[in-house]
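Architecture and fold: a report
Here's the letter readout for the chains.
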Amino acid sequence: MITTSHNTWAIGFDLDGTLVESFQSEPLPAVLEHLAVLKQRSNLRLFVVSNQAGPVYHAMFAGSAKFPTCDQLAERIADAATRLGLLDVPWFVATWHGNSRIYDQPHEIVGAWAKASGEVADQLKFEIQRRLPDLALHVSGSPHWRKPEWGMLEQAAWLLGVSAVSMIFVGDMETDKEAAIEYGAVYVDAEQWRSGEVVL
Ligand SMILES: [Mg+2]
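Figured I'd write up the structure that's included with this text. (Residues numbered from 1 in each chain as written. Predicted model: local features only at pLDDT ≥ 70, side-chain atom pairs only at ≥ 80, totals over all residues.)

This part covers the nonpolar core. Considering soluble globular proteins, one finds that nonpolar side chains tend to be buried as a cluster. Within the largest apolar cluster, 54 residues are counted, with the highest numbers of intra-cluster contacts made by Leu 124 and Leu 153. Take this core: its biggest share by element is 8 residues, from helix H3 (residues 70-84). (Core = buried A, V, L, I, M, F, W, Y, C linked by C-beta atoms within 7 Å. Buried ≥ 20, exposed ≤ 12 C-beta atoms within 10 Å, placed from the backbone. Helix = DSSP H or I, 4+ residues; strand = E, 2+ residues; numbered from the N terminus.)

Encoded structure:
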């Protein structure tokens, strides 16, 4: 058991594969029950972070149906936030595409991808807020925001007024673990949290 009974703690959650089925909005088993308990705790601040580069790929690969548009992704995120009952916690979304091979390309191409990340961030934010105007939503195309970088965790800590050592991050991928540990937060595996093996 990780003791979070003193001071103010922040617990961040990855979205896909942690709170909901990947690329869907259905909460995973036991998630709603565990969240209900955490929401009762007055010294806890919850938040959600998510890498979502799909619309950038959609834009760069000329509308490939493999990847969601901003509108489709906004619909899914708004639906997930509603089903999870996480409408009153901050959300952080990174749209950077995270393809490091891009840096081997001519600078015009690197620039086009960077521009798309920024434009998608603005558009995605607009589309989500159109559906959920009161959601505390933060979207950025910055490379530093995309996990395994820890920009979203740092931004959450600043916003919530906690330090890295008072933060727990729950995720399902190596990139989640890397972001948490590099930032100095405690990492918890989503499967262990959902199964009750690790109690927060
Ligand atoms: Mg995930």
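With that out of the way, let us pick up the packing of H3 against helix H4 (residues 107-131). Across the interface, H3 lies against H4 with an axial gap of 9 Å and an inter-helix angle of 45°. One element, H3, and the other, H4, form an angle in the oblique class. You can see that H3 and H4 cross each other, and the crossing is right-handed. In contact with Cys 70, Asp 71, Leu 73, Ala 74, Ile 77 and Ala 78 of H3, H4 contributes Val 120, Gln 123, Leu 124, Glu 127, Ile 128 and Arg 131. Its residues assigned to classes, the contact of H3 with H4 shows 8 nonpolar, 1 polar and 3 charged. (Axes fitted to C-alpha atoms, helices over the stretch in contact; angles between N-to-C directions. Parallel < 35°, antiparallel > 145°, perpendicular 65-115°, else oblique. Left-handed = near helix turned anticlockwise from the far one by under 90°. Contact = placed C-beta atoms within 7 Å. Nonpolar A, V, L, I, M, F, W, Y, C, P; charged D, E, K, R; others polar.)

In a beta sheet, neighbouring strands pair by backbone hydrogen bonds and run either parallel or antiparallel. Strand order in the open sheet formed by 6 strands is E4-E3-E2-E1-E5-E6, with parallel pairing between adjacent strands. Only two strands of the sheet have a single partner each, and these edge strands are strand E4 (137-140) and strand E6 (186-189). Between one strand and the next, the sheet's axes are offset by a mean angle of 20°, whatever the strand orientation. Across 4 bridges, strand E3 (residues 91-94) lies against E4 in parallel orientation. Residue pairing for E4: Phe 92 is matched across the bridge by His 138. (Pairing = 2+ DSSP bridges.)

Next up on the list: H4. Across its 25 residues, H4 extends 36 Å between first and last C-alpha, which sits within 8% of the 36 Å expected from 1.5 Å per residue. Listing the buried residues of H4 in full gives Trp 113, Ala 116, Ser 117, Val 120, Ala 121, Leu 124, Glu 127 and Ile 128. In the core, the buried residues of H4 are packed alongside helix H2 (54-60), H3, E3 and E4. (Expected span 1.5 Å × (residues − 1).)

Another aspect to go through is the pairing of E6. Examined bridge by bridge, strand E5 (residues 167-171) and E6 share 4 bridges and lie parallel to one another. Paired with Gly 171 across the bridge in E6 is Asp 189. On the question of chirality, the crossover connecting E5 to the parallel E6 by way of helix H6 (residues 174-183) is right-handed. (Right-handed = clockwise from strand over helix to strand, strands pointing away.)

A word on the environment of Arg 41. Of note, Arg 41 is situated in the loop between helix H1 (31-39) and strand E2 (44-51). Judged by C-beta crowding, with 14 C-beta atoms within 10 Å, Arg 41 ranks as partly exposed. In this structure the C-alpha to C-alpha distance between Arg 41 and Leu 135, which are 94 residues apart in sequence, comes to 21 Å.

The omega angle of the peptide bond from Lys 147 to Pro 148 is 15°, so this bond is cis rather than trans. Positionally, Pro 148 belongs in the loop between E4 and helix H5 (151-160). For Phe 23, which is not a glycine, the phi torsion comes out positive at approximately 65°. Residue placement: Phe 23 occurs in the loop between strand E1 (9-14) and H1.

A few words now on the pairing of E1. Of all 6 residues in E1, 6 are buried; the element is thus mostly enclosed. In E1, alternate side chains face the same way, and those of Trp 9, Ile 11 and Phe 13 on one face and Ala 10, Gly 12 and Asp 14 on the other are all buried. Two elements, E1 and E2, share 6 bridges in a ladder whose sense is parallel. Paired with Ile 11 across the bridge in E2 is Leu 46. Between the parallel elements E1 and E2, the chain passes through H1 in a crossover that is right-handed. Bridge count between E1 and E5: 4 bridges; the pairing is parallel. Across the sheet, residue Ala 10 finds its bridge partner in E5, namely Met 167.

What follows deals with the environment of Ala 36. Checked against the element boundaries, Ala 36 lands in helix H1. Residue classification places Ala 36 among the exposed residues on the basis of 10 C-beta atoms within 10 Å. Residues Ala 36 and Gly 85 lie 49 residues apart in sequence; the distance between their C-alpha atoms is 8.9 Å.

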